[in-house]
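# A look at the structure
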Amino acid sequence: MKKPEYSSMFLTLVAAILLFAESMNGGRAQEPPAKPAADQPKTAEQQFKNVQVLKGIPADQLIPSMQFITASLGVECDFCHVEHAMDKDDKKTKLAARKMIAMVLALNQAHFNGELEVTCYTCHRGAPHPVGTPLLSAGPVSRPEHVHDDEDESHAGLPTADQVLDKFLAAVGGAEAVNKIKTRVQKGKIDVSGTQYPVEVYSEAPEKRVSIAHPSRGDSITAFNGEVGWLSMPNGFHRMTSAEAEAARIDAQLHFPVRLRELYKEFHVRPGEEIGGRQTVLVSARASGRPDLRLYFDRENGLLLRQIRYAETPLGRNPTQIDYTDFRVADGVKIPYKWTLERPGGSFTIQIEQVQQNVPVDDGKFVKPTPPEAPKGPGK
C-alpha cells in the first residue's frame with residue numbers, strides 16, 4: 001500500500017515529522033543536556049537525545065543531515081531508528097551509521113582540508129550497501145552527473161552572465177513590467193504521486209509567499225514572510241531551518257528576474273543540457289549565506305527552464321530541482337503556469353489555472369502561527 005503524501009512543498013516537513021513524532025514515548029530516561037547560553041542557538045546534543053558523533057553541529061542541521069543519509073542510501077528512517085523510540089541504539093544499522101559518519105568526517109578532514117568531497121553518496125549511490133566491484137555491462141555505463149562548477153574552465157562561444165540575465169529579464173517582460181506586480185494570487189491543482197488536490201499560492205513583493213494545499217486530511221501550508229519560514233499540516237508544525245528559509249526566500253522573490261543580481265554577485269556560465277527538447281545555457285550563482293543555484297536558460301528565448309539549488313548539511317548537499325513550463329503572459333509579465341519540484345524523497349507538480357495580480361492579500365497569511373511545543377528527536 002502506497003504511503004500517503006501531502007504536497008511536495010512539505011517533503012521536508014514529512015521527514016521532520018517522521019523523525020520527531022512520538023520520539024519521547026518509550027524513550028529511556030537520561031540526564032538533560034546542558035542548556036546553551038541565552039544568545040546562542042542550541043547544538044544537536046542540546047536539543048536531541050543520544051547524539052554521539054554529530055555533536056556540536058547546529059540543532060537545525062540534524063534533520064537535514066538525516067535526510068541526506070536516507071537519500072544517499074535509498075532508505076527510510078526505520079532503517080536505522082526504532083519507530084517511536086528513535087533515540088534507542090537497538091539496531092545494528094544505527095551503530096554502523098555512526099561508524100560510517102565518523103569515517104567520512106575523518107577522511108575529509110585528513111585528505112580534503114575538511115571540505116565535503118567524500119559523502120555517504122560517494123559509495124552508496126542510493127543503495128543501502130555499496131558495491132565494491134566494478135559492474136560488467138554490455139550496454140552503456142551510467143555516469144554520475146557532473147555537479148561541480150570548475151571556475152577555471154573556459155567555453156568559447158558562450159554569452160556572458162550579464163548577457164544571459166539581461167535576455168532573461170527581457171524575455172519575461174522587462175524590469176518595469178515586473179516591478180509593477182505587487183501581489184500575485186495563483187490557484188490550481190497540485191499532483192503528488194498521481195493524486196491531485198487544490199492549491200493556492202499567495203505572493204507579495206518583495207519576498208513573501210504562502211502556498212496552501214488542500215488534501216483530504218487537512219490543509220498543508222508552506223510559508224515565508226521575508227524573515228522566517230514555516231510548514232504546517234494538521235498533525236505537525238515545522239519552523240524552517242536557516243538553510244530551508246534561505247531556499248524559501250528564493251522561491252518567494254516576486255521580482256526574481258530583477259533582483260537576481262542583487263541577491264547573487266558571483267556568476268559563471270557553462271554549456272547547459274537539453275531540457276524538454278530545448279537547448280540551454282547554464283548560469284551558476286553563488287553568494288555567502290544563500291543556496292548555490294544552477295539556472296538553465298533557454299538559449300533561444302531566454303526563459304528560465306530549470307533551477308537546481310543545494311542545501312548544505314554537515315554530511316553533504318541536499319539538492320532540489322524545479323522545472324518550469326507552460327509560460328503565459330499575465331498583465332505584461334510572462335510567468336510559468338506549471339512547475340515540477342523534485343527532491344531525493346519525491347516530487348510534485350503544480351498546474352496553475354487562474355492568476356490574479358495586484359489584488360489585496362490578507363496580511364494574516366504571512367503571520368507565523370504559534371507552534372506547539374516540539375518533542376525531542378533522534379540521535380546519531
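One structure accompanies this document, and this report is about it.

The rules behind these values
All chains use their own residue numbering, which begins from 1 and follows the written sequence. For a predicted model such as this one, the threshold for reporting local features is a pLDDT of at least 70, and the threshold for listing and counting side-chain atom pairs is 80 or more; totals across whole chains, interfaces and linings nevertheless cover every residue. Values shown for side chains rest on all heavy atoms present in the structure; no hydrogens or waters enter the calculation. Note on conventions: DSSP H or I runs of at least 4 residues are helices, E runs of at least 2 residues are strands, and numbering of each starts at the N terminus. Throughout, exposure labels follow a simple rule: accessible area from a 1.4 Å probe, protein chains only, divided by the maximum for the residue type, with under 20% read as buried, over 50% as exposed, and the rest as partly exposed. In protein, a polar contact means a hydrogen-donor-capable atom and an acceptor-capable atom, both N or O and within 3.5 Å, with residues adjacent in sequence counting only if both atoms are side-chain atoms; elsewhere, any N or O pair within 3.5 Å suffices. Counted as salt bridges are all cases of a side-chain nitrogen of Lys or Arg within 4 Å of a carboxyl oxygen of Asp or Glu. Patch criteria: residues need more than 30% relative accessible area and no salt bridge. Like-charged residues are merged within 9 Å; nonpolar side chains of Val, Leu, Ile, Met, Phe, Trp and Tyr are merged within 5 Å. Computed by Shrake-Rupley with a 1.4 Å probe, the accessible areas treat only the displayed protein chains as cover when residues are assessed. Only buried Ala, Val, Leu, Ile, Met, Phe, Trp, Tyr and Cys residues count toward a nonpolar core, and they belong to the same one when joined by side-chain atoms within 4.5 Å. Planes of paired rings set the category: under 30 degrees apart is stacked, over 60 is edge-to-face and the rest tilted, where pairs are Phe, Tyr or Trp rings (Trp by its six-membered ring) whose centres lie within 6.5 Å.

## A closer look at the environment of Ile69
For Ile69, the location among the structural elements is in helix α3 (residues 62–73). Its relative accessible area of 9% is what places Ile69 among the buried residues.

## Digging into the environment of Arg343
Mapped onto the secondary structure, Arg343 falls in strand β12 (residues 333–343). As a C-alpha pair, Arg343 and Ala71 span 272 residues in sequence and 9.0 Å in three-dimensional space. Polar contacts involving the side chain of Arg343 include one to the side chain of Thr320, which spans 3.4 Å.

## Description of the pattern of salt bridges
Enumeration according to the criterion identifies 21 salt bridges in this entry. When the shortest N-O distance is used, the salt bridge between Asp298 and Arg278 registers 2.7 Å. In this pair, Asp298 sits in strand β9 (residues 292–298) while Arg278 sits in the loop between β7 (266–271) and β8 (280–286), placing the two residues 20 residues apart along the sequence.

## What about helix α8 (residues 242–251)?
Counting buried positions along α8 yields seven of ten residues, so the element is predominantly enclosed. The complete set of buried residues in α8 reads Glu244, Ala245, Glu246, Ala247, Ala248, Arg249 and Ile250.

## Thoughts on a nonpolar patch on the surface
Together, Met100, Met103 and Leu107 give the surface a local cluster of nonpolar side chains, amounting to about 250 Å² of exposed area. Relative to the helices and strands, Met100 resides in helix α4 (residues 92–111). Given a relative accessible area of 42%, Met100 falls into the partly exposed group.

## Thoughts on the nonpolar core
Counting residues in each nonpolar core, the largest one holds 43 residues, and the members touching the most others are Ile190, Tyr264, Phe267 and Phe297. It is helix α6 (residues 161–172) that provides the largest number of residues to this core, a total of six residues. With 15 residues, the next largest nonpolar core counts Phe48, Val51, Met66 and Leu73 among its residues.

## Observations concerning the side chain of Gln46
Here Gln46 shows up in helix α2 (residues 44–47). Among the residues examined, Gln46 registers a relative accessible area of 17% and is labelled buried. Within polar-contact distance, the side chain of Gln46 engages the backbone nitrogen of Thr43 at 2.8 Å.

## A word on the packing of aromatic side chains
Summed over the entire model, instances satisfying the criterion amount to two aromatic pairs. Relative to Phe297, the ring of Phe168 lies with its centre 5.1 Å away and its plane at 55°, an arrangement referred to as tilted. Here Phe297 lies in strand β9 and Phe168 lies in helix α6, a separation of 129 residues in the sequence. Note on Phe168: relative accessible area 5%, which makes it buried. The class for Phe297 is buried, based on a relative accessible area of 1%.

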